[in-house]
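# Remarks on the overall topology
Here are the chains, one letter per residue:
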Amino acid sequence: MKLDSKIPEGPLAEKWSKYKANQKLVNPANKRKLDIIVVGTGLAGASAAASFGEMGFNVKNFTIQDSPRRAHSIAAQGGINAAKNYPNDGDSVHRLFYDTVKGGDYRAREANVHRLAEVSNDIIDQCVAQGVPFAREYGGLLDNRSFGGAQVSRTFYAKGQTGQQLLIGAYQALMRQVNAGTVNLYTRTEIVDIVMVDGKARGVIARDLVTGEFQRHFGHAVVLATGGYGNTFFLSTNAMGSNGSAAIKAYQKGALFANPCFAQIHPTCIPVHGEFQSKLTLMSESLRNDGRIWVPKKKEDVDAIRAGKLKPKDIKEEDRDYYLERRYPAFGNLVPRDVASRAAKERCDAGFGVGATGLAVYLDFKSAIERLGEDAIRARYGNLFQMYEKIVDDNPYETPMMIYPAIHYTMGGIWVDYELQTTIPGLFAAGEANFSDHGANRLGASALMQGLADGYFVLPYTIQNYLADDISTPRMTGEEKEFVEAEKTAKDKFAKLLAIKGNRSVDSIHKELGLVMWDFVGMARTKEGLETAIEKIAAIKKEFYSNVRIPGSSEGMNVELEKASRLADFIEIGDLMARDALNREESCGGHFREEFQTEEGEAKRQDDKFAYAACWQYQGEEKAPELIKEDLTFEVVKVAQRNYK
Amino acid sequence: MENNINLTLKVWRQNGPKDKGRFETYKLEKVSTDSSFLEMMDILNEQLVNEGSEPVAFDHDCREGICGMCSLYINGRPHGPDDDVTTCQLHMRKFKDGETITIEPWRSAGFPVIKDLIVNRSAFDQIIAAGGYTSVSTGGVPDANAIPIPKDDADEAMDAASCIGCGACVATCKNGSAMLFVSAKVSHLALLPQGKVEAARRAKNMVAKMDELGFGNCTNTGACEVECPKSVSISNIARLNREFLKAKFQD
């Protein structure tokens, strides 16, 4: 297969304008005749569904939650980037583009990233018009703050609840369309397969999670906006229901899965504390604006702290190792996430970690509180401090927070071209579900930007270019043989899972998978470790299909059955992640192969061999996937070793 | 400090909307006080699955207090015996060794039970669909800094907008009123110039939908404000009433 990324000709900064000037359109009368299925109601899904509805298409929008407003975009805390340059600190579209490509360790497609930077400003305008209550200065204008990987303040925020406010904005726009009758909303409904007719995506098989009934839905096009697959690790900052199943269904139908090994490990999460733990809670990157990260310099202090004989505030200033400020003086505590996470791991591996397990470092607000006062810190981060205190039972105004890296976001995902279309005609992917904009590492406050860019400002154009050729395709009824067969296959899969009647709960197997992923496909990877992971994952797959126990039946609500069907797909993703990590013999961004590092322990890329997106093509059950490469060419960005020193 | 406690749980089990429902009693041993309430429920469910029984169905997702999915009436309080938290943020250190904990779904005419502890809150979506937005479509909007907004107004709008739509206000209200939820949305948008334009119409349409869906009236008991995990203020209800009256006068 030869991949065509369909990047428009011409200078980088003009590509998107040229595309828009030349794309095909669908007239209003024809829009009414066209159906679009949107799977997911997070930032990308809700913004796309609302925009399509406003344009006059018929939209069917699906969510596994009881309401679109629950999608996990809601949990994003810190902010959203845009190149507005309101603070007059030298920002521009070009600089946001450049920072994003560099932050992604030169593994993203230039043209997509430039478009993202171009539309970033429109997003802020749109959200303000919707009534998103962004933070403001006393003069009434919008406030900004800094995030990792940038030397400008370009992050807009709404307290520590930016994702919530942006999602509510998109959700309200969506509900306006539901009221107008252009969007039909299907809540508590999960997509269990994609229906293909004559090589094109023409619909989905859905399962009503309340009744257990299967449904057939036709669409002239299908958009997957189903988020990332971080929950492969069981413990992550993702919501419990976040899953990669729609992506795996697309992959098994022929869409390519690109860069699965690029997973982001976020440096500032509340550390793991027990085997009953169900998820990890993120403490926003925005805290690194004012918090300083350190561990003790002396081993004896470490031991005394772990034994409870010393408290962190007893450690004198000169006995503290502010290791990020020491190693990266130019960016200090605001280095990108991958760099900060590895630095924390390095200190803990060297024996300087704190907390009961030794797997934690301090995030300290002492100097910020001395400089600005406790009230100022409370105004900026009050809800985050409260969240921390409720979980850990410690007051972060008085004692430093303890943090450790955790799986947070997946840069990899379904391969899409410039139009966000997968290799299956009529199947599109948006937001975290696609692979397109963040390369090997995403910068903070860029996920919200990408989700809304795709949904509000990219898909509404590119999907028309596809649908313009489809205006004479009549609606299908769902009685066609392709729909009937797809439903039968899906039903059989669920029946097969229920018939296993083994001895182990879904969660116990998922936790086992998670540990393998964390140990061998986590922050530091090696050839041997990855080979071990592939073997262990195969054994877990066997165990799952022979020994999982799912009480109840497929009729009515059955939460264990839902979890089992998602775990079956996480196992496939885990295998793909390990294979991709094994193939990529270099370190870049969130992917760190121990064999490839500089003398100072920094990631060492192999640009001559691996300047490509690794796209995996499904070859059938029990067969190894085939690797297809999309070469990345850099016309504008000067590829260099990332330097945050 | 972490320690382990033994618990007796009285959990509401109801197999579907038409089932009558009943309490079942379960024993749990050695639950870490560092675990969250929902992690305790996970432990219970793991135990039930291992016994071959059906686990307890309950709503949850983000487990960090923002998605609004988790609910539960715990020992007679929505979101349980801690202030300013959702059930997922409630930790077992708030309970004593040997304690009996009663766990029920939200009980309200507006929120019918789907299964066990899961209720249907789609009425909230219908109320938002009736007018809880600004009528702007994608594109063609002014620059974000074109209209300055006083910081105090923006902050107050943010406080109202922090509602997570969990429904604790309805569940705790003796009248089953959704006034705190509706007023939070009406206030959030009415405080901003972008939402001011439609404020009166919005209030009227949302209140009409709320009444139509069978939620009760507000009699100012203030219980909703006490139980709101996001501390949404009851003063929003006064603002809703003002906007509602304006709409009435305009008619």
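Given the structure is predicted, the values throughout are model-derived calculations rather than measurements.

## Side note on the overall build of chain B
In terms of regular secondary structure, chain B is built from 9 helices and 7 strands. Considered along the principal axes of its C-alpha atoms, chain B spans approximately 60 × 40 × 35 Å. By residue count, 59% of the 251 residues in chain B fall in the buried class. The long-range share in chain B, meaning contacts at least 24 apart out of those at least 6 apart in sequence, stands at 69%. When the accessible surface of chain B is split by element, carbon and sulfur atoms take 49% of a total near 9,800 Å². For chain B, the distance from the average position of its 28 positive side-chain charges to the average position of its 34 negative side-chain charges is 6 Å.

## Here we look at the domain arrangement of chain B
All names here are of chain B. When cut into domains, chain B gives domain 1 (4-114) and domain 2 (121-250). Here domain 1 and domain 2 have C-alpha centroids that lie 29 Å from each other. Each side of the interface is counted separately: domain 1 has 22 residues, and domain 2 has 19 residues. When domain 1 packs against domain 2, close to 1,500 Å² is buried across both sides, 53% of that on carbon and sulfur atoms.

## What to know about the interface of chain B and chain A
Taken residue by residue, the interface counts 75 residues in chain B and 74 residues in chain A. When chain B packs against chain A, the two sides together hide about 6,100 Å² of surface, and 52% of this comes from carbon and sulfur. Sorting the residues of chain B by area buried against chain A places Glu64(B), Thr138(B) and Met158(B) first, and these three jointly supply 11% of that buried surface. Counting across the interface, chain B meets chain A through 7 salt bridges.

## Quick look at the pairing of strand β6 (residues 189-197) of chain A
Residues and elements named next belong to chain A. The buried fraction of β6 amounts to 8 of the 9 residues, a majority that puts the element mostly inside the structure. Bridge analysis of β6 against strand β7 (residues 200-208) gives 8 bridges, and the strand direction is antiparallel. Along β7, the bridge assignment pairs Asp193 with Ile205.

## Observations concerning helix α5 (residues 110-130) of chain A
Residues and elements named next belong to chain A. With 21 residues, α5 should cover 30 Å at 1.5 Å per step; its first-to-last C-alpha distance of 30 Å lies within 8% of that length. Roughly 35° is the biggest bend found in α5, and it falls at Val119. The buried fraction of α5 is high, at 19 of 21 residues. Phi turns positive, to about 95°, at Gly131, one or two residues after α5.

## Remarks on the domain arrangement of chain A
Residue and element names in this part refer to chain A. When its domains are assigned, chain A resolves into domain 1 (12-21 + 36-262 + 411-470), domain 2 (266-407) and domain 3 (481-611). Averaged C-alpha coordinates put domain 1 and domain 3 at centres separated by 24 Å. With 44 residues of domain 1 in contact, the opposing surface of domain 3 contributes 49 residues. Buried area between domain 1 and domain 3, summed over both chains or domains, comes out near 3,900 Å², and the portion from carbon and sulfur atoms is 64%. The largest contributions to the domain 1 side of the interface with domain 3 come from Arg107, Phe233 and Cys261, which together make up 18% of the buried area. A salt bridge links Asp569 to Lys249; the nearest nitrogen and oxygen atoms lie 3.3 Å apart.

## Focus on the sheet that holds strand β1 (residues 35-39) of chain A
Residue and element names in this part refer to chain A. Strand order in the open sheet formed by 5 strands is β5-β2-β1-β9-β17, with parallel pairing between adjacent strands. The open sheet terminates on both sides in strands that have one partner only, identified here as β5 (183-186) and β17 (427-429). Here the average twist between neighbouring strands, direction ignored, is 20°. Pairing analysis gives 4 bridges linking β1 to strand β9 (residues 221-224), with the strands arranged parallel. Directly across from Val38, in β9, lies its bridge partner Val223. Sitting on the sheet, helix α6 (residues 162-180) touches β2 (58-62) and β5, and the angle it makes with β5 is about 110°.

## Side note on the sheet that holds strand β13 (residues 320-321) of chain A
Residue and element names in this part refer to chain A. If you walk across this open sheet you meet the 5 strands as β11-β15-β14-β12-β13, and the pairing is antiparallel. Edge strands, defined here as strands with exactly one partner in the open sheet, are β11 (263-269) and β13. One ladder, built from 5 bridges, connects β11 with strand β15 (residues 401-410); its direction is antiparallel. The partner of Gln264 across the bridge, within β15, is Tyr409. Of the strands in this sheet, β11, β12 (292-296), β13, β14 (361-364) and β15 are in contact with helix α10 (residues 337-349), which crosses β11 at around 65°.

## Some remarks on the packing of aromatic side chains
All names here are of chain A. A complete count under the given rule lists 32 aromatic pairs over all chains for this structure. Aromatic side chains Phe97 and Tyr98 sit 6.5 Å apart centroid to centroid with 85° between the ring planes, which places their arrangement in the edge-to-face category. On the basis of an interplanar angle of 25° and a centroid distance of 6.5 Å, the ring pair of Trp415 and Phe435 is categorised as stacked. Of this pair, Trp415 sits in the loop between β16 (413-414) and β17 while Phe435 sits in the loop between β17 and α13 (447-467); the two residues are 20 residues apart in sequence, bridging distant segments of the chain. A relative accessible area of 6% places Phe435 in the buried class. Positioned above the aromatic ring of Trp16, the side-chain terminus of Arg115 is 4.9 Å from the ring centre.

## Points about the pattern of salt bridges
All names here are of chain A. With the rule as written, the count across this model stands at 79 salt bridges over all chains. With a shortest N-O distance of 3.7 Å, Asp290 and Arg371 are connected by a salt bridge. Of this pair, Asp290 sits in the loop between β11 and β12 while Arg371 sits in helix α11 (residues 366-372), and the two are 81 residues apart along the sequence. Since its relative accessible area comes to 57%, Arg371 is described here as exposed. A single network of salt bridges, built from pairs that share partners, joins Asp105, Arg107, Asp338, Arg342, Arg584, Glu586, Arg605, Asp607 and Arg642.

## Examining the state of the cysteines
Cysteine pairs can be linked by a disulfide, which is a covalent bond between their two sulfur atoms. Here the structure, examined in full by the defined rule, presents 0 disulfides over all chains. You can see Cys166(B) has no disulfide; the closest cysteine sulfur is in Cys169(B), sitting 6.4 Å from it.

## A word on unusual backbone geometry
Residue and element names in this part refer to chain B. At Lys30, a position not held by glycine, the phi torsion is positive, near 50°. You can see Lys30 is positioned in strand β2 (residues 22-32). For Arg63, which is not glycine, the phi torsion reads 55° and is therefore positive. Along the chain, Arg63 falls in the loop between α1 (37-50) and β3 (73-74).

## Quick look at the packing of helix α14 (residues 481-500) of chain A against helix α16 (residues 527-547) of chain A
Residue and element names in this part refer to chain A. Here α14 crosses α16 at 80°, and the two axes come no closer than 6 Å. Between α14 and α16, the angle is such that the two are roughly perpendicular. Facing Lys496, Leu497 and Ile500 of α14, the residues of α16 in contact are Phe544, Tyr545, Ser546 and Asn547. Of the residues in the contact of α14 with α16, the class split is 4 nonpolar, 2 polar and 1 charged.

## Focus: the nonpolar core
The biggest cluster of nonpolar side chains holds 227 residues, and the ones touching the most others in it are Phe52(A), Ile80(A) and Phe134(A). Discounting residues that sit within four places of it in the chain, Phe134(A) has contacts with Ile80(A), Ile124(A), Cys127(A), Val128(A), Leu142(A), Phe156(A), Tyr157(A), Ala158(A), Thr162(A), Leu166(A) and Ala154(B). By size, the runner-up hydrophobic cluster in this structure holds 26 residues, among which are Ile5(B), Met41(B), Leu48(B) and Ile74(B).

## Focus: the environment of Pro329(A)
All names here are of chain A. Mapped onto the elements of the fold, Pro329 is located in the loop between α9 (323-327) and α10. The spatial distance from the C-alpha of Pro329 to the C-alpha of Ala433 is 35 Å, given a sequence separation of 104 residues. Pro329 has contacts with Leu324 and Lys645, leaving out every residue within four places of it along the chain.

Conventions adopted
- Residues numbered from 1 in each chain as written.
- Chains lettered and ligands numbered in written order.
- Predicted model: local features only at pLDDT ≥ 70, side-chain atom pairs only at ≥ 80, totals over all residues.
- Heavy atoms only, no water.
- Helix = DSSP H or I, 4+ residues; strand = E, 2+ residues; numbered from the N terminus.
- Buried < 20%, exposed > 50% of the residue type's maximum accessible area, 1.4 Å probe, protein only.
- Contact = heavy atoms within 4.5 Å.
- Areas by Shrake-Rupley, 256 points an atom, 1.4 Å probe, with all protein chains shown as cover.
- Lys, Arg positive; Asp, Glu negative; His and termini not counted.
- Charge placed at Lys NZ, Arg CZ, Asp CG, Glu CD.
- Domains from an automatic or database assignment.
- Buried area = accessible area lost by both parts, 1.4 Å probe.
- Salt bridge = Lys/Arg side-chain N within 4 Å of Asp/Glu carboxyl O.
- Pairing = 2+ DSSP bridges.
- Expected span 1.5 Å × (residues − 1).
- Bend = angle between axes of the 7 residues up to and from the residue.
- Axes fitted to C-alpha atoms, helices over the stretch in contact; angles between N-to-C directions.
- Phe/Tyr/Trp six-rings, centres within 6.5 Å; stacked < 30°, edge-to-face > 60°.
- Lys NZ or Arg CZ within 6 Å of the ring centre and 35° of its normal.
- Disulfide = S-S within 2.5 Å.
- Parallel < 35°, antiparallel > 145°, perpendicular 65-115°, else oblique.
- Nonpolar A, V, L, I, M, F, W, Y, C, P; charged D, E, K, R; others polar.
- Core = buried A, V, L, I, M, F, W, Y, C linked by side-chain atoms within 4.5 Å.

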